Each structure stands twice: as structure tokens, then as C-alpha cells.
Amino acid sequence: MAKVIYEEVTKRFGDVVAVNDLNLEVQDKEFVVLVGPSGCGKTTALRLLAGLEEASNGQIIIGDRVVNDVPPKDRDIAMVFQSYALYPHMTVFDNMAFGLKLRKTAKEEIKQRVEEAAEILGIEKLLDRKPRQLSGGQRQRVAVGRAIVRKPSVFLFDEPLSNLDAKLRVQTRAELSKLHHDLQTTFIYVTHDQVEAMTMADRIAVMRDGLLQQLNTPQNLYNHPSNVFVAGFIGSPAMNFFNGTLERIDGGFTVKTDIFQVAVPPDRFSAYEKYEGKPIIFGIRPEDIHNPDFKPPDIYSAPVEANVEVTELMGNEIFLYLKSGSESFIGRVDPRTDAAVGSKFQVIFNMANMHLFDPEGEQKAIV
């Protein structure tokens, strides 16, 4: 078991900075997910840890040793790739045993480790098959099993679920979470899918353009995003944003945009005082936009008029695609809502869960 530390790690490809001054500490036995859009540097950060890329600056530490100059095979890590990377001419057993054979592990121990891993993953009956005889989900289990048999200090996962269908992705997410609990080993997982990150991680590292934007637990990222990028990336559908100003009206604060005015809860006044009269970015999540007839009790309500452009029935909720003036936004409302496309509709913003961001520079959250 081992913790992992990136100390001021930078990776350049010519003039392109793929990872920029990354400082990140992953605790022993922790499940950390690196998440962000394509090109943000998350896979490069993982490959640096695996030894598949060489850091331009900084140190990478696994356990108590700096591994910058340690070959990949000696880093005590195991990596699961997006492509599975199984040998097509080998059986499942031989694919899982291959790394152990290269290390000249005793045959009896290889057999024991492969059978134990196969039992954990529920693929005991597949050991004699070839990869072409397996489904995508079964191949993924074999790739994970090949990592398990090595008993590494750190597991690395590079978008391992991206080739699976939607239902199997949900099932495999749960299996990986259970596997982490059972193995009690450090997991570092890369994905562009924020739902995967939210459902599996102990902590999430959000990256953008090679820079770490925020590192926190899933719930804290959701409730307290550090900037507009994190706020918009975490949550599905994404947070709605509106440009406006913070005005003092009748002794209280109001968010004023070109299309609506909504009152700020009194408990936010002290945090927002220095932004009085200044431009702000107002954020509200779709799940905090309600049908007035079915709004939760005791919320801090602010009504907004809008036109309904599209409705999407999801079974347990309805997504309303709304437009007010020139601004479009999304609400997640009660499934009993009967809003018709093309009609005017009043929604309620729950201002207790509002977010404000400073439009200057890094668009940081105002707290």
C-alpha cells in the first residue's frame, strides 16, 4: 500500500504544457479521480505516474521513494487501459498470468493468484476462453484481473469504462467501487465523465488546461465549487449561469440581470457586501429550479418568468429547457409538471443554493 505525491510536476511536449505545476497528494488506500475535458492533462498525469512519460520538472513519489528515474516495471503499480490491451492469441488465464510469468513467479502461486482474482471478478468460468469470445464487459474484467494478480501498491485506471454501453457502465462503476473497498489499495482513476467521478471517488481532482482547478470530496465540489469552470463541470445537467450585478434594494441584496431580479437570502449579505454594485456571475443548478406547484417546503423562493422551449420526460423528473429574454437555462422539475412547449411558465429559483462568482480573472467563487 502506498500514498502518491506529485510535487510541482510539469510536463511539456515542445511548446505545449500538458501538465502545469501539479501539486497533488493521494493518501494510502484512497480512491482519487482525475476528471476534466479532453486535453486537460489528466491522462498525461497518470502516464507520468506510471513511468510512460518523463516529467519535465518536479518530483513524483510513490510510498517513500522518488520514482522519476525508476523504470515502469519497478514502480509497483498496475495500469488498466481504455483499450483493454489483451493478447488475442492467449486465453483469459494466460492474459492474467502474463505479467507474473515475466517476473518468474512460481506456477502454483500464479495459479492461486489468477483464480483468486477471477473469483473476485466473477470470471472463473471464462479462464479458458480467448478475448474474441468475450463481451466488452468481460474483457474489461480480464484487464482489471490482470492488474489485481500483481498485487500492486497503486492501481491506475485510464478511462476504463468508455468502451462499454450505458447500462454496463453503471454496473461496472459499482463493481470497481466494491473492488476498491475489498482490496484496500490506492486507486487513481482518469475519466472525462463527471458522473463516474461523483459516484466512485473519495476525492476528485478537477483539471483544465494542465492546471489543477480544485481537489475535494464529491459533495464539497458540488456544493462549493471554487470557480465557474468547476461549477459548470460538476453536475448534470450543468449549472446555469447569468451575467448581472449585485444591487442593494430596500436594505437587502438583489441579483439583477437583464431579464430578472432575484432576492439574495439574508444569511449571504455579509459575504457579498464588498461586491455591492459590481458585476457578478450568478449560478443556479437545474435541480434548484422548481415548478411553483410542487416546490419543496421552506426554500428561499424567487419567481422567474420564462418560455418553455423543450421538455424532456425522464420518468422521475422533467427537464425544462427555458428561455427568458436572450438567456436560455434548464430546470429539473417535478414529473407532474404539465408545462407545454411554447407556453409561458413561471419557475421558482431556490436562492438558498445560489452561487456567485467574480467575473474577473479566474472567475472565482464569492463566498
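Our subject is the structure that appears above.
If you're wondering where the values come from, they're calculated on a predicted model, not measured in any experiment. (Residues numbered from 1 in each chain as written. Predicted model: local features only at pLDDT ≥ 70, side-chain atom pairs only at ≥ 80, totals over all residues. Heavy atoms only, no water.)

(A) Region of the structure containing the overall build of the protein. Counting its secondary structure elements, the protein contains nine helices and 20 strands. Taken along its principal axes, the extent of the C-alpha atoms in the protein is 80 × 45 × 35 Å. The buried share of the protein, reckoned over its 367 residues, is 49%. Of the roughly 17500 Å² of accessible surface on the protein, 47% is carried by carbon and sulfur atoms. (Helix = DSSP H or I, 4+ residues; strand = E, 2+ residues; numbered from the N terminus. Buried < 20%, exposed > 50% of the residue type's maximum accessible area, 1.4 Å probe, protein only. Areas by Shrake-Rupley, 256 points an atom, 1.4 Å probe, with all protein chains shown as cover.)

(B) Broad picture of the sheet that holds strand 18 (residues 327-333). Across the sheet, five strands lie side by side as 15-19-16-17-18; this open sheet has antiparallel pairing. On the outer flanks of this sheet lie strand 15 (289-290) and strand 18, each paired with one strand and no other. By the bridge criterion, seven bridges tie strand 17 (residues 318-324) to strand 18 in an arrangement that is antiparallel. Bridge assignment links Tyr321 to a residue of strand 18, and that residue is Ile330. (Pairing = 2+ DSSP bridges.)

(C) Seen up close, the layout of surface pockets. By volume, the largest pocket is sized at about 470 Å³. Surrounding the largest pocket, 18 residues form its lining, Met79, Phe81, Arg103, Arg146 and Arg150 being those nearest its centre. Contributions of two or more residues to the lining of the largest pocket are made by strand 6 (77-80), helix 2 (92-102) and helix 4 (136-148). Of the residues in the lining of the largest pocket, the class split is 13 nonpolar, one polar and four charged. For the second largest pocket, the calculated volume is near 320 Å³. Asn223, His224, Arg268, Met354 and His355 are, among the 19 residues lining the second largest pocket, the residues nearest its centre. Those elements that place two or more of their residues in the lining of the second largest pocket are helix 7 (218-223), helix 9 (269-272) and strand 20 (355-357). With three residues, strand 20 is the largest single contributor of residues to the lining of the second largest pocket. When its residues are assigned to classes, the lining of the second largest pocket shows eleven nonpolar, four polar and four charged. (1 Å grid on protein atoms, 1.4 Å probe; cavity = no way out; pocket = protein on both sides within 12 Å on 5 of 7 lines; lining within 4 Å. Points joined across faces, edges and corners; volume = space filled by probe spheres on them. Nonpolar A, V, L, I, M, F, W, Y, C, P; charged D, E, K, R; others polar.)

(D) Expanded view of the side chain of His355. Of note, His355 is situated in strand 20. On the basis of relative accessible area, His355 is assigned to the buried category, the value being 13%. What His355 contacts, discounting residues up to four positions off in sequence, is Tyr222, Asn223, Pro225, Met239, Ile281, Phe282 and Gly283. (Contact = heavy atoms within 4.5 Å.)

(E) Here's a closer look at the sheet that holds strand 20. Taken together, the five strands give an open sheet; going across it, the order is 13-12-11-14-20, and neighbouring strands pair in antiparallel fashion. The two strands at the open ends of the sheet, each matched to only one other strand, are strand 13 (261-263) and strand 20. The average undirected angle you get between the axes of adjacent strands in this sheet is 40°. As paired strands, strand 14 (residues 279-284) and strand 20 are joined by three bridges and run antiparallel to one another. Across the sheet, residue Gly283 finds its bridge partner in strand 20, namely His355. (Axes fitted to C-alpha atoms, helices over the stretch in contact; angles between N-to-C directions.)

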